[in-house]
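Close look at the chain arrangement
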Amino acid sequence: MTDLFFSEKLYNPDSAFAVFFSAIGKTPAVVAAVFCLMSLITLLPACKLENALKKKILTFSLYCAITLFFSCAAVGLIKHFWGRVRYVDLSDSADFTPWYIPQKAGGSSFPSGHAAMSAMIFFCYDAVKYFGKKGGGATAAICLAFVAAVAVSRIILGAHYLSDVVAGIIVTIAIKQISGYIILKKGSLKLLNCLRNPKACRAR
């Protein structure tokens, strides 16, 4: 089964579910950007927060800002050079191309920007872990459900193929892991930490 198979089965531009989640798909990225700007308020002398908390907020904000910037840049750059035509724009199934073959045909299907931006919602999980709050499991489940809904919505609307949304999510998650490992050194970076120190992971 190929990307084309799933698109043909799921395509329904009138789906209210797809229209709704597609419309709010980039919201996590917008919220992250607003948070980064609002966090600067902690630098004001009138902000009555402990210095340690101010530092944590600014550090987390830097993590979000860097992840957001590089994710957007990576998605835009790949789109520019890949040129994959969206399913909704296909005039004939013979014009379909697999994700691993760049076309430079002027399309912008690969990877999915909506999927990449929706994956920013995992900042919520990172925040719960980083600031030592409870509810990490429930937060992760909600984040995963949201990302899945946005990804499926894009396929239903014919805006992207399955591989497009998967690639978009991978771009954000990969950049999150790298920037988080460098800046936060905890939270969502357990995978990289475990690769470096397997014994410590087994001891947990």
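Residues numbered from 1 in each chain as written. Predicted model: local features only at pLDDT ≥ 70, side-chain atom pairs only at ≥ 80, totals over all residues. Heavy atoms only, no water.

1. Thoughts on the overall build of the protein chain
Filter applied, for reference: In DSSP terms, a helix is any run of H or I states spanning at least four residues, a strand is any run of E spanning at least two, and both are numbered starting from the N terminus. The buried label goes to any residue with under 20% of its type's maximum accessible area, the exposed label to any with over 50%, and the partly exposed label to all in between, with areas taken from a 1.4 Å probe on protein chains only. Contacts are assigned to residue pairs with any non-hydrogen atoms lying within 4.5 Å of each other.
The helix and strand tally for the protein chain stands at 10 helices and zero strands. Ordering the α and β elements of the protein chain from the N terminus gives α-α-α-α-α-α-α-α-α-α. For the protein chain, the proportion of its 204 residues judged to be buried stands at 43%. Considering only contacts within the protein chain whose residues lie at least 6 apart along the sequence, 71% involve residues at least 24 apart.

2. Overview of the packing of helix α4 (residues 51-82) against helix α6 (residues 122-130)
Operational definition: An axis is simply a line fitted to the C-alpha atoms; with a helix, the fit covers only the stretch in contact. Between two such axes, the angle follows the N-to-C directions and lies from 0 to 180 degrees. By definition in this entry, angles of less than 35 degrees are roughly parallel, angles greater than 145 are roughly antiparallel, angles of 65 to 115 are roughly perpendicular, and the rest are oblique. Note: crossing handedness is left-handed where the near helix turns anticlockwise from the far helix by less than a right angle, and right-handed where it turns clockwise. Residues are grouped as follows: Ala, Val, Leu, Ile, Met, Phe, Trp, Tyr, Cys and Pro are nonpolar; Asp, Glu, Lys and Arg are charged; all remaining types, including Gly, are polar.
Their axes nearest at 12 Å, the elements α4 and α6 cross at an angle of 155°. Between α4 and α6, the interaxial angle falls into the category roughly antiparallel. Considering how the two elements wind past one another, α4 and α6 form a crossing that is right-handed. Counted together, Lys 56, Thr 59, Phe 60, Tyr 63, Cys 64 and Thr 67 of α4 and Phe 123, Asp 126, Ala 127 and Tyr 130 of α6 form the full contact between these two elements. Of the residues in the contact of α4 with α6, the class split is six nonpolar, two polar and two charged.

3. Brief notes about the packing of aromatic side chains
What counts, and what does not: Any two rings among Phe, Tyr and Trp, with Trp reduced to its six-membered ring, count as a pair given centres within 6.5 Å; such a pair is stacked if its planes are under 30 degrees apart, edge-to-face if over 60, and tilted if neither.
Within this structure, the stated rule accounts for 17 aromatic pairs. Relative to Phe 60, the ring of Phe 35 lies with its centre 6.0 Å away and its plane at 75°, an arrangement referred to as edge-to-face. On the criterion of sequence distance, the pair formed by Phe 35 in helix α3 (residues 27-38) and Phe 60 in helix α4 is long-range, its members being 25 residues apart.

4. Points about the environment of Lys 56
Turning to its location among the elements, Lys 56 is positioned in helix α4. By relative accessible area, which is 29% here, Lys 56 ends up partly exposed. In the structure, Lys 56 is positioned 75 residues away from Phe 131 in sequence and 7.9 Å away in space, judged by C-alpha atoms. Here Lys 56 is in contact with Tyr 130 and Phe 131, once residues within four sequence places are set aside.

5. What to know about the confidence of the model for the protein chain
Detailed reading of the predicted coordinates is not advisable wherever pLDDT is low. Note the threshold: Each residue gets a pLDDT score, which is the predictor's confidence in that residue and runs from 0 to 100.
Mean pLDDT over the protein chain stands at 87; residues scoring 70 or higher make up 89%. Per-residue pLDDT stays below 50 along residues 187-196; that stretch engages in 23 contacts with residues further than four places along the chain or on separate chains.

6. Description of the environment of Phe 146
Tracing the backbone through its elements, the reader meets Phe 146 in helix α7 (residues 136-156). Judged by its relative accessible area of 14%, Phe 146 falls in the buried class. Separated by 125 residues in the primary sequence, Phe 146 and Phe 21 have C-alpha atoms spaced 8.3 Å apart. If we skip the residues at most four places from it in the chain, Phe 146 touches Phe 21, Ile 24, Gly 25, Pro 28, Ser 118 and Ile 121.

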